[in-house]
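So you can see what is in the structure, the chains are spelled out below.
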Amino acid sequence: MITQRSWLFALGVCLSACVTTKDSVGGGDARLDEDQQKEDAVKVQGRACGPELPGDVVLLDSRTGGPVTCLPVTVTREPMSCPANTECQSEVLFKGFTSAKGQLKLIAPVEKSRLVAVADGFSPSSLNNATSVKDRVLELELMPAEGFWLKVLDGEGNYLADTTVTFKQGDDVIAQLRANTMANVFFTQRQPFAGQPVSVEAPGYKSLTISSPADLGEDGHTLTLQK
């Protein structure tokens, strides 16, 4: 039986180790050839970047909110019926460099699919229910590979950007962090909440106690505060 004291340690280990890289299917398309992508890349301030084409997707750095430019990345598509953090059949829709604006062009439109981006320095990151819309660029956040992060939402799913969040164990404050423009807070440790349950406080919201992984949403990274 997992004790109350050990669940958070196990959660941190799983979050860093349980996410798997998807095997690609259909990767033989000439448009996905990595060497060709490198040949087509342009040089921007000495860096290899993808062509400046109208993009379908922009990759954003979850820590800064800005675009992730000139980054080699692979983007795959998988059905929403595939459980999160499990290996499912997938299709490669892009393999190459993002542009100087952080954008990339998929080889096919998507409809209610999960897009998964894999790039060095980041954890495999996903966008659920992605649907291509004319003249609209989808936004996919890339999450850091190290440490631990939470996205702070209200009860209606709205981002609580620039909100100060205090984390306590008993009477001890273990962290006080301010959510960034994308409503994310970051811990340098992989297991920031080892030990007893953690209470969470934010101005204007009810105190919340994190006592099991279920309190952090299906992805293990969602902190929902109620008025």
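**Considerations on the overall build of the protein chain**
Tallying secondary structure elements over the protein chain gives two helices and 17 strands in all. Scored against the burial criterion, the 227 residues of the protein chain give a buried share of 41%. At a minimum sequence separation of 6, the contacts of the protein chain that also span at least 24 residues come to 59%. Looking at the protein chain as shown, the accessible area adds up to about 12200 Å², and 49% of this sits on carbon and sulfur atoms.

**Describing the confidence of the model for the protein chain**
Close inspection of predicted coordinates is inappropriate in any region flagged by low pLDDT. Summing up the model confidence of the protein chain, the mean pLDDT is 82 and the portion of residues at 70 or higher is 79%. Scored below 50 in pLDDT, residues 1-32 shows 54 contacts in the model against residues more than four places distant or in partner chains.

**What to know about the side chain of T163**
Residue position: T163 is located in the loop between β11 (148-154) and β12 (164-169). By relative accessible area, T163 is classed as buried at 12%. At a separation of 3.3 Å, a polar atom in the side chain of T163 contacts the main-chain carbonyl oxygen of L160.

**Overview of the sheet that holds strand β13 (residues 172-178)**
Consider a sheet: its strands pair through backbone hydrogen bonds, and that pairing is either parallel or antiparallel. The antiparallel open sheet is built from four strands, whose spatial order is β13-β12-β15-β16. Looking at which strands have only one partner, the edges of the open sheet turn out to be β13 and β16 (208-210). Strand-to-strand twist of the sheet, defined as the mean angle between neighbouring strand axes without regard to direction, takes the value 25 degrees.

**Quick notes on the pattern of salt bridges**
Evaluated as defined, the whole model comprises six salt bridges. One salt bridge in this structure joins E201 and K168, with 3.6 Å as the shortest N-O distance. Of the two residues, E201 sits in strand β15 (residues 198-201) while K168 sits in strand β12, which places them 33 residues apart along the sequence. By relative accessible area, E201 is classed as partly exposed at 33%.

**Examining the sheet that holds strand β7 (residues 103-104)**
With respect to topology, three strands assemble into an open sheet ordered β7-β4-β10, the strand pairing being mixed. Each having just a single partner strand, β7 and β10 (138-142) make up the two edges of the open sheet. Pairing of strand β4 (residues 57-61) with β7 involves two bridges; the strand directions are antiparallel. Bridge pairing in β7 links V58 to Q103.

What counts, and where the lines are drawn
Residues numbered from 1 in each chain as written. Predicted model: local features only at pLDDT ≥ 70, side-chain atom pairs only at ≥ 80, totals over all residues. Heavy atoms only, no water. Helix = DSSP H or I, 4+ residues; strand = E, 2+ residues; numbered from the N terminus. Buried < 20%, exposed > 50% of the residue type's maximum accessible area, 1.4 Å probe, protein only. Contact = heavy atoms within 4.5 Å. Areas by Shrake-Rupley, 256 points an atom, 1.4 Å probe, with all protein chains shown as cover. pLDDT = per-residue confidence, 0-100. Polar contact = N/O pair within 3.5 Å; in protein donor to acceptor, adjacent residues only side chain to side chain. Pairing = 2+ DSSP bridges. Axes fitted to C-alpha atoms, helices over the stretch in contact; angles between N-to-C directions. Salt bridge = Lys/Arg side-chain N within 4 Å of Asp/Glu carboxyl O.

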